[in-house]
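Examining the three-dimensional arrangement
Chain by chain, the residues:
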Amino acid sequence: EYKGMSKERMMEIRRLNCNPMTMKVTYYKKPVFVHQGYMQWLWDVDGKRYLDLFAGVATVIAGHCHPKVTAAAEQQLKRLWHTTNIYVNPFIHEYCEKLASYLPDPLKVIYLTNSGSEANDLAMLMARLHTGNYDIITFRGSYHGGSTSAMGLTSVEAYKFPIANGIGCTNTMCPDVFRGLWGGSHCRDSPVQTIRECSCAQGHCMAQEQYIGQLQETLATSVSRRIAAFFAEPLQGIGGAVQYPKNYLKEAYKLVRERGGVCISDEVQTGFGRTGSHFWGFQGHDVIPDIVTLAKGIGNGFPMGAIVTTPEIAASFAKGAHFNTFGGNPLACVVASSVLDTIQENSLQQNCLHVGTYLMIELAKLRDKYEIIGDVRGKGLHIGVEMVEDRVSRAPLSPQAISEIFEDIKDMGVLIGKGGMYGQTFRIKPSMCITMEDADFFIAVFNKSIHNYMEKKMNVS
Ligand code: PMP
């Protein structure tokens, strides 16, 4: 039973003392007050249980307070919390060796940070030092962090502050096969296809060529002849689980490398088996980046980030001293190490493939039933459901309608996320331990919420 601070008091402190900006972005009209979690479940202060299909935005990958991860943290808390890396301790070295074994050659050199923004800052710095170039290209609609430099990579209006940022950062068109200019039913690697008409002819992907043409135009018009880096998520997170045409990244990597740039894969949301078919998102695109950035799930909610790069890039970075007080502290390393073990022991990657594929197939059936479900996409347990006014115009469903459905889903006991340029895409990225029963429960809830919305709309009109 919860005996802590009252809801009213929490809201007051939130308004006055605690990160007041978050007041502007209260996720729900009636906020959720959580105080406890276990695996895929969260409990609110009134004792109501929620199926958490957002998991702190793809972060709590093994499950809230996972027993094994919690035990590892408890044990380490009694042994050694902190020492900076001016001394040599086994914990960081055991972890780096283990993490490196999950990455293909030549990605073997690891730097540990405390967040994804920090990891992306470091990746920008490294790319610029290594190449001697300055320009960086990212996708429109991408989110790569909120620090002053990472904000420059980010291309979502809500997260851009009106200060000088992003000097040397240029956005290019996101190759979104649903909402973008070009696309089609076979463009992307997903267990379900979009119902948008395909522009491809006999296995020849037009959309891929058209979007690559856009990147070529950006390279020819908006940046200098030599570039430092190209940043992309393998599957866009905050953008709304946006997927690119097959082979797009492969071609993009080629163009970037021809101009002296390095290719950076932001795996903050797609790493650690979430996409089901592969441990890392980039593997699904058949590319090997020069730098990989990690955070969120790496510590199952314990604050941590990392970048992994090649010995060659690391050598360029060794020209200066790099120091990070908390990055790679013993506690974080022990927790992250047990997260990797848990993924293996509990077959979490396989579970993502199994339950995620099932969820997408079931969601696609609802898409075929309701006109306002425009698109179902994703891989593994990284799923986007894009809502539209109607299938022909593909106009984003109004924020009011989204909010109504979203609130209803929450009231029925399920937490999901929102994303996309207009907040029109529901995002499902739960702990990787969810079961088929959880998937069935969500499908029933989602179906009911859409049904309720449609019924209300009919009665009004
Ligand atoms: N990259 C991606 C893809 C992200 O989703 C986020 C966080 N939403 C970040 C980077 C930044 O991570 P952090 O919040 O840990 O700084």
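Predicted model, so just to flag it, every value in this text is computed and none were measured.

1. Comments concerning the overall build of the chain
- Helix and strand counts for the chain come out as 13 helices and 15 strands.
- In terms of C-alpha radius of gyration, the chain reaches 22 Å, essentially the compact-globule figure of 23 Å for 461 residues.
- Each principal axis of the C-alpha atoms in the chain carries an extent, and together these give about 70 × 60 × 45 Å.
- Evaluated residue by residue, the chain yields a buried proportion of 49% over its 461 residues.
- Partitioning the contacts of the chain with sequence separation of at least 6, the portion at a separation of at least 24 is 73%.

2. Some points on the site of the ligand
- Among the 16 residues in the neighbourhood of the ligand, the closest are listed as Ser115, Gly116, Ser117, Gly145 and Val268.
- Looking at the shell around the ligand element by element, the count peaks at three residues for helix H5 (residues 116-131).
- Within the shell around the ligand, the residues separate by chemical class into five nonpolar, nine polar and two charged.

3. Considering unusual backbone geometry
- For the peptide bond that leads from Asp105 to Pro106, omega is -5 degrees, which places it in the cis range.
- Mapping Pro106 onto the fold places it in the loop between helix H4 (90-100) and strand S4 (109-113).

4. Digging into the sheet that holds strand S1 (residues 34-38)
- An order of S1-S2-S3-S13 is seen for the four strands of this open sheet, with the pairing classed as mixed. With partners counted over all chains shown, the strands left at the sheet margins are S1 and strand S13 (414-415), one partner each.
- Bridge count for strand S2 (residues 41-44) against strand S3 (residues 49-52) is three bridges, and the pairing is antiparallel. Opposite Trp41, over in S3, you have Leu51 as the bridge partner.

5. Considerations on the domain arrangement of the chain
- When cut into domains, the chain gives domain 1 (24-53 + 347-460) and domain 2 (70-345).
- The distance between the C-alpha centroids of domain 1 and domain 2 comes to 26 Å.
- Facing 28 residues of domain 1, the contacting portion of domain 2 comprises 25 residues.
- Listing elements by their share of the side of domain 1 that touches domain 2, those giving two or more residues are helix H11 (348-369), strand S11 (373-379), strand S12 (382-387) and strand S15 (425-428).
- Looking at the side of domain 1 that touches domain 2 element by element, the count peaks at nine residues for H11.
- Here the residues of the side of domain 1 that touches domain 2 sort into 11 nonpolar, 10 polar and seven charged.

6. Some remarks on the packing of H11 against helix H13 (residues 436-460)
- Following both chains from N to C, one finds H11 and H13 inclined at 20 degrees, their axes separated by 10 Å at the closest point. On the basis of their axis angle, the class for H11 and H13 is roughly parallel. Between H11 and H13 lies a crossing of right-handed hand. When H11 is examined against H13, the residues Val355, Tyr358, Leu359, Glu362 and Leu366 are found in contact with a partner set consisting of Met436, Ala439, Ile443, Phe446, Asn447 and Ile450.

Rules behind the numbers
Residues numbered from 1 in each chain as written. Predicted model: local features only at pLDDT ≥ 70, side-chain atom pairs only at ≥ 80, totals over all residues. Helix = DSSP H or I, 4+ residues; strand = E, 2+ residues; numbered from the N terminus. Rg over C-alpha atoms; globule rule 2.2 N^0.38 Å. Buried ≥ 20, exposed ≤ 12 C-beta atoms within 10 Å, placed from the backbone. Contact = placed C-beta atoms within 7 Å. Near = placed C-beta within 6 Å. Nonpolar A, V, L, I, M, F, W, Y, C, P; charged D, E, K, R; others polar. Pairing = 2+ DSSP bridges. Domains from an automatic or database assignment. Axes fitted to C-alpha atoms, helices over the stretch in contact; angles between N-to-C directions. Parallel < 35°, antiparallel > 145°, perpendicular 65-115°, else oblique. Left-handed = near helix turned anticlockwise from the far one by under 90°.

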